[in-house]
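# Remarks on the overall topology
Each chain, letter by letter, is given below.
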Amino acid sequence: MDATPSLENSALLTAIILAAGQGTRMKSGRAKVLHELCGRPLVAFAIAQARAVGATRIVVVVGHQADEVRVRAGALFPSGVEFALQEEQLGTGHAVRIARDAAGLGEGEVLVLSGDVPLVRPQTLATLVRARRESGAAIALVTSDLDEPTGYGRVLKDESGRVLRVVEHRDANASERAVHGVNMGLYAFDAKFLGSALDALKPDNAQGELYLTDLIGLANANGREVVATKAPYAETRGINDRAELAEAEASLRREINLALMKSGVTMRDPSSTYVELGVEVADDVEIEPQVSLRGKTRIATGARIGQGAVIVDSTIGEGAEVKPYSHLDGAVVGARSLVGPFSRLRPGTELAEEVHVGNFVETKKARIGAKSKANHLTYLGDAVIGQGCNIGAGTITCNYDGAKKYETRMGDGVFIGSDTQLVAPVALGDNAYVGAGSTITKDVPADALAFTRPPLTVKEGWVARRKAKLAESAVGESKPKKAGGT
Ligand code: UD1
Ligand code: CA
């Protein structure tokens, strides 16, 4: 097999991706192709496969939740993907007709892929296309031998092994059902043959649909050859229900983790490490068990990710450490910074280098300068904080008045005593110093001390006096009541 899957001459390779069906067996309000594997919708896998094999045009047939499918696919592939609308899903053959009528098939070859077969390797598709080219066959199809072929179309052959036709499970008789060679729903067609043969399809089958698979029998009837290539089930399997979705995801996850480990990432327990497609992890990163890395997350070299951390759309700098059970979403963590355990960094958080954000600290739209620290129980929202600041335990930026959000600004070297409320909008100059327990409602200039503190009252001996008083009244209550008159 070729290391580079892309075909030599793909000038006229049109890919049609069938993605209009609802996916009844998913039992879902969402179209099947919008369900995700490792963070990416199923439809995106087929588009990526078509790209990888060098398709020059890609036509996605949409129907069920067509708009959502278009939007999701369009966001991931902003150009080079066309859509054809199949309003009523009258079968796989009908879907290809719709694509033909909307986009044309060209003169060359047509690759038909299923929106619900996500794990196919580009090499497998390149082999398929080559097999058809080299044989001059009308159709090449990918087959697999299954111990449990229920549900799949059976590939019927003659004694010499020539492919005759495909019969769907529902239409098959007992002896046909005993065949273990099945159709995986991936085809290469001679475009001219496909273009005209589609019109000959008839819905005379158990489902009353136009079956694309009937073209195999039709090719034979027209004296055209059909060739089959073989590929492993693990790779070519379709996703029909959520159990299959979970199995496919587990296998993709293993693959992603394996590739990361081979590239120099330590995973203490790869079986419980969830890394979505598109996440970048550099070498010498260490990942503890039960970590989720999602979306557009990037982790730079030497970073450590603690157990149970969930990191979404975030960037973790070189040598930074995210300690266990922290949740980061849309955050940037600078080099050698320390986050957590139990920190929550929300969108717009930007930590410069060597920042410390500790347990039960929540940040949102907060830019925190180098070497500043907020180590305990703090909320920093809509805040710009300079370098080398120390934010005491229990500090809260009061950024919301019930209607609008306001900003808190601090220069460098600011010290905020514990249990302080900073009522925004408010600004503190360089080296400003706030006494513990203060409510800061006005700007504090550089180098100033600010505090609000009710006077402290100390009453010496008060506890002892109170105890004695309480004891006395208890004795009074337990005295027997005087009986009347003796
Ligand atoms: C199909 C094949 C079957 C093969 C199996 C492999 C046919 C008739 N049968 O069966 O031989 O073993 O795939 O996975 O082709 N779709 C549309 N429009 C439609 C109908 C389907 O776009 O009108 C799309 C679906 O969304 C799906 C794909 O085509 O992505 C396959 O359809 P599905 O109903 O899952 O076909 P199978 O019954 O699995
Ligand atoms: Ca299917």
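Predicted model, so just to flag it, every value in this text is computed and none were measured.

Here we come to helix α4 (residues 122-135). For an α-helix the count is 3.6 residues per turn, leaving residues at separations of three or four pointing the same way. Between its first and last C-alpha atoms α4 spans 20 Å; for 14 residues at 1.5 Å apiece the expected length is 20 Å, and the two agree. For α4, the full list of buried residues reads Thr-124, Leu-125, Ala-126, Leu-128, Val-129, Arg-130 and Arg-132. Contact partners of the buried residues in α4: α1 (42-52), β6 (109-114), β7 (139-145), β10 (181-190), β11 (226-230) and α8 (233-236). One or two steps after α4, the chain reaches Gly-136, where phi turns positive at roughly 70°.

Glancing now at the coordination of the calcium ion (ligand 2). Around a metal, the perfect tetrahedron of four donors has angles of 109.5 degrees, and the perfect octahedron of six donors has angles of 90 or 180 degrees. Taken together, Asp-116 (OD) and Asn-240 (OD1) make up the protein donors of the calcium ion (ligand 2), found 2.6 to 2.8 Å from the metal. Here Asp-116 is found in the loop between β6 and α4, whereas its partner Asn-240 is found in the loop between α8 and α9 (242-262), with 124 residues between them in sequence. The class of Asp-116 is buried, set by a relative accessible area of 16%. Given a relative accessible area of 16%, Asn-240 falls into the buried group.

Turning our attention to the domain arrangement of the protein. Interfaces are frequently sized by the accessible area removed from exposure as the parts join. Each assigned domain of the protein is listed with its residue range as follows: domain 1 (13-236) and domain 2 (264-450). Each of domain 1 and domain 2 has a C-alpha centre, and the two are 49 Å apart. Between domain 1 and domain 2, the residue contacts involve 5 residues of the former and 4 residues of the latter. Per-residue buried area on domain 1 facing domain 2 is highest for Cys-38, Gly-39 and Arg-40; these three make up 89% of the total on that side.

All chains considered together, the criterion is met by 26 salt bridges. Here Arg-237 and Glu-247 are joined by a salt bridge, their closest N and O atoms 3.0 Å apart. Pair noted here: Arg-237 is in the loop between α8 and α9 and Glu-247 is in helix α9, with a separation of 10 residues, a long-range link. Accessibility expressed as a relative area gives 9% for Arg-237, which makes it buried. A salt bridge links Glu-354 to Arg-336; the nearest nitrogen and oxygen atoms lie 3.3 Å apart. Here Glu-354 is found in the loop between β26 (349-351) and β27 (356-368), whereas its partner Arg-336 is found in the loop between β23 (331-333) and β24 (338-339), with 18 residues between them in sequence. Overall, the relative accessible area of 28% leaves Glu-354 in the partly exposed class. Exposure remark for Arg-336: the relative accessible area of 41% places this residue in the partly exposed category. What emerges from the salt-bridge pattern is a single network uniting Glu-286, Glu-288, Arg-304 and Glu-321.

Neighbouring residues of ligand 1: 24 residues in total, closest Gly-21, Gln-86, Thr-92, Glu-168 and Asn-183. Asp-116 is positioned with one of its side-chain polar atoms (N or O) 3.3 Å from an oxygen atom of ligand 1. Relative to its unbound accessible area of 760 Å², ligand 1 is 89% covered by the protein chains. Taking a 2 Å distance to the grid points as the criterion, the majority of the atoms of ligand 1 fall inside the largest pocket. Secondary structure elements with two or more residues in the shell around ligand 1: β1 (13-19), α3 (92-103) and β10.

What follows covers the packing of aromatic side chains. Using the criterion set out here, one finds 5 aromatic pairs in the structure. Between Tyr-325 and Phe-342, the ring centres sit 5.6 Å apart and the planes meet at 25°, which makes this aromatic pair stacked. With a gap of 17 residues between them, Tyr-325 in the loop between β21 (321-322) and β22 (327-329) and Phe-342 in the loop between β24 and β25 (344-345) connect regions that are remote in the sequence. Classification of Tyr-325 by relative accessible area gives partly exposed; the value is 40%. An angle of 15° between the planes, with centres 4.5 Å apart, marks the rings of Phe-415 and Tyr-433 as stacked. Here the residue Phe-415 occupies a position in strand β32 (residues 415-416), and Tyr-433 occupies one in strand β35 (residues 433-434), the gap between them amounting to 18 residues. Relative accessible area serves as the criterion here: at 30%, Phe-415 is assigned to the partly exposed category. Taking relative accessible area as the criterion, Tyr-433 reaches 40% and is therefore assigned partly exposed.

The next thing to look at is the side chain of Ser-28. Inspection of the secondary structure assignment puts Ser-28 in the loop between β1 and β2 (36-37). For Ser-28, a relative accessible area of 17% gives the class buried. A polar contact of 2.9 Å, which involves the side chain of Ser-28, links it to the backbone nitrogen of Arg-30. Discounting chain neighbours no more than four positions away, the residues touching Ser-28 are Gln-22, His-35 and Arg-242.

Counting residues in hydrophobic clusters, the biggest one holds 58 residues, and the most contacted among them are Val-281, Ile-287, Leu-293, Ile-305, Ile-316 and Leu-428. Mapped by element, the contributors of at least two residues to this core are α1, α9, β23, β27, β28 (373-385) and β34 (426-428). For this core, the element with the highest residue contribution is α9, accounting for 5 residues. In this structure, this core is formed jointly by two domains, domain 1 (13-236) and domain 2 (264-450), each of which donates at least three residues. Not counting residues up to four positions away in its chain, the partners in contact with Ile-305 are Glu-286, Ile-287, Glu-288, Val-291, Ile-299, Ile-311, Ile-316 and Val-322. With 41 residues, the next largest nonpolar core counts Ala-44, Ala-46, Val-53 and Ala-137 among its residues.

As a further point, take the pairing of strand β9 (residues 163-167). Relative to β9, strand β8 (residues 154-157) runs antiparallel, the two sharing 4 bridges. Residue Val-155 lies in a different strand from β9, and its bridge partner there is Val-166.

Further remarks concern the environment of Leu-12. With respect to the helices and strands, Leu-12 occurs in the segment before β1. Taking relative accessible area as the criterion, Leu-12 reaches 52% and is therefore assigned exposed. As for Leu-12 and Tyr-325, which are separated by 313 residues in sequence, their C-alpha atoms are 51 Å apart. Sequence-distant contacts of Leu-12, that is, excluding residues within four places in its chain, are made with Thr-56, Gly-108 and Glu-109.

About the cut-offs
- Residues numbered from 1 in each chain as written.
- Chains lettered and ligands numbered in written order.
- Predicted model: local features only at pLDDT ≥ 70, side-chain atom pairs only at ≥ 80, totals over all residues.
- Heavy atoms only, no water.
- Helix = DSSP H or I, 4+ residues; strand = E, 2+ residues; numbered from the N terminus.
- Expected span 1.5 Å × (residues − 1).
- Buried < 20%, exposed > 50% of the residue type's maximum accessible area, 1.4 Å probe, protein only.
- Contact = heavy atoms within 4.5 Å.
- Donors = N, O, S within 2.8 Å, 3.2 Å for Na, K, Ca; no water.
- Domains from an automatic or database assignment.
- Buried area = accessible area lost by both parts, 1.4 Å probe.
- Salt bridge = Lys/Arg side-chain N within 4 Å of Asp/Glu carboxyl O.
- Near = heavy atom within 4 Å.
- Polar contact = N/O pair within 3.5 Å; in protein donor to acceptor, adjacent residues only side chain to side chain.
- Areas by Shrake-Rupley, 256 points an atom, 1.4 Å probe, with all protein chains shown as cover.
- 1 Å grid on protein atoms, 1.4 Å probe; cavity = no way out; pocket = protein on both sides within 12 Å on 5 of 7 lines; lining within 4 Å.
- Sits in = over half its atoms within 2 Å of the grid points.
- Phe/Tyr/Trp six-rings, centres within 6.5 Å; stacked < 30°, edge-to-face > 60°.
- Core = buried A, V, L, I, M, F, W, Y, C linked by side-chain atoms within 4.5 Å.
- Pairing = 2+ DSSP bridges.

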